[in-house]
Amino acid sequence: MRVVDLGTIGFSEALALQEPAVEEVLAGGEERIFVLEHRPVVTFGRHGGEAFLLETPDQLRARGVDVAKASRGGSVTCHFPGQAVIYPVMRLSGRPGGLKRFFSDLEQAAIDVLAGLGIEAGRSEGRPGVWTGPRKIASVGVGVRRWVSYHGLALNVGPDISLFNVITACGLPGVEMTSAALELARAGLPAERADIGSVKHELVQAFLRLARG
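Remember, predicted model here, so these are calculated numbers, not experimental data.

Chemist: Help me understand the overall build of the protein chain, please; the structure alone is not making it clear to me.
Modeler: Along the backbone of the protein chain there are five helices and 11 strands. Against the 2.2 N^0.38 benchmark of 17 Å for 213 residues, the protein chain shows a C-alpha radius of gyration of 16 Å, consistent with a compact globule. Seen through its principal axes, the protein chain has C-alpha atoms that stretch 45 × 40 × 30 Å. Burial statistics for the protein chain: of 213 residues in total, 54% are counted as buried. Taking as baseline every contact in the protein chain between residues at least 6 positions apart, the subset at least 24 positions apart corresponds to 75%. As displayed, the protein chain offers around 9,300 Å² of accessible surface, 53% of which is attributable to carbon and sulfur atoms. Considering the protein chain, the positive charge centre built from 23 side chains and the negative charge centre built from 23 side chains are found 5 Å apart.

So, in structure tokens, the structure goes:
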């Protein structure tokens, strides 16, 4: 599986790369995993989520925050620099566990990377994504076209997660978002251990180990 680091990129630009990649994989081409950070954006999934936006789209755009509809599952979320994102474009048909295993592997990759940083994280029954205590630290939103995946996982790494203040995160009232840097600081550990470049690399490697297993 080819790894493509897109650096920091807009949401629509990343989607414009994923869509032809899906078609190439459908035609028998090489699977790949895109790793990136997004410029500030609020996105809505197939289930909507516009009702959970706390500012108007015009207000957000005036602040340099894009607003976009996504073809993934889930509700509203946001992306920004300092958040590690992986978008695997891979065949799910014929893989043990199919879509359920793929979703689980995305979550587990984030759990494994956080464990390597000294942060205990896991799943919360009935609530997708990755959690540390009552706080959500990673979100999963998957798209599938004819059993080829796209979209994926976003792990909050840096200390600035203020963009979440403009939404009701994931459409779940009362949910507190967090990041690796904030959890390290909470534990009295150096927040600098949450280096975005290192986390991006480790997240890709953790997912590849799981996908190949």
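On we go.
Chemist: Quick question: what am I supposed to make of the pattern of salt bridges here?
Modeler: Oppositely charged side chains may form a pair once their charged atoms are brought near each other. With the rule as written, the count across this model stands at 13 salt bridges. The salt bridge partner of glutamate 55 is arginine 63, with a shortest N-O separation of 2.7 Å. Where arginine 186 meets glutamate 176, a salt bridge forms, and the shortest distance between an N and an O atom there is 3.8 Å. With a gap of 10 residues between them, arginine 186 in helix H4 (residues 180-186) and glutamate 176 in strand S11 (residues 176-177) connect regions that are remote in the sequence. With a relative accessible area of 41%, glutamate 176 lands in the partly exposed category.

Chemist: When you look at the pairing of strand S5 (residues 76-79) in this model, what are you seeing that I'm missing?
Modeler: As a general feature of sheets, a regular strand has side chains that alternate between the two faces. Of the two faces of S5, the one carrying Val76 and Cys78 and the one carrying Thr77 and His79 are both buried. Direction of pairing for strand S3 (residues 41-44) relative to S5: antiparallel, over a ladder of four bridges. Bridged to phenylalanine 44 within S5 is valine 76.

Chemist: Quick question: what am I supposed to make of helix H3 (residues 98-116) here?
Modeler: Because each turn of an α-helix spans 3.6 residues, side chains separated by three or four positions in sequence point in the same direction. The end-to-end C-alpha distance of H3, which contains 19 residues, comes to 27 Å, matching closely the 27 Å that a straight helix rising 1.5 Å per residue would cover. Taken as a whole, H3 has its buried residues at Gly98, Phe102, Asp105, Leu106, Glu107, Ala109, Ala110, Ile111, Val113 and Leu114.

Chemist: Explain the pairing of strand S8 (residues 127-132) here, please?
Modeler: Pairing analysis gives two bridges linking strand S7 (residues 122-124) to S8, with the strands arranged antiparallel. Counterpart to glycine 122 in the pairing with S8 is tryptophan 131. Counting the residues in the hairpin turn of S7 and S8 gives two residues, including glycine 126, whose phi is positive at 80°. Pairing of S8 with strand S9 (residues 135-145), which is carried by three bridges, proceeds in the antiparallel orientation. Following the sheet pairing, valine 130 is matched in S9 by alanine 138. Linking two consecutive strands that pair antiparallel, namely S8 and S9, is a turn of two residues; a positive phi of about 65° is found at glycine 133 within it.

Rules and cut-offs
Residues numbered from 1 in each chain as written. Predicted model: local features only at pLDDT ≥ 70, side-chain atom pairs only at ≥ 80, totals over all residues. Heavy atoms only, no water. Helix = DSSP H or I, 4+ residues; strand = E, 2+ residues; numbered from the N terminus. Rg over C-alpha atoms; globule rule 2.2 N^0.38 Å. Buried < 20%, exposed > 50% of the residue type's maximum accessible area, 1.4 Å probe, protein only. Contact = heavy atoms within 4.5 Å. Areas by Shrake-Rupley, 256 points an atom, 1.4 Å probe, with all protein chains shown as cover. Lys, Arg positive; Asp, Glu negative; His and termini not counted. Charge placed at Lys NZ, Arg CZ, Asp CG, Glu CD. Salt bridge = Lys/Arg side-chain N within 4 Å of Asp/Glu carboxyl O. Pairing = 2+ DSSP bridges. Expected span 1.5 Å × (residues − 1).

Functional significance is not addressed by these values, which are geometric in nature.
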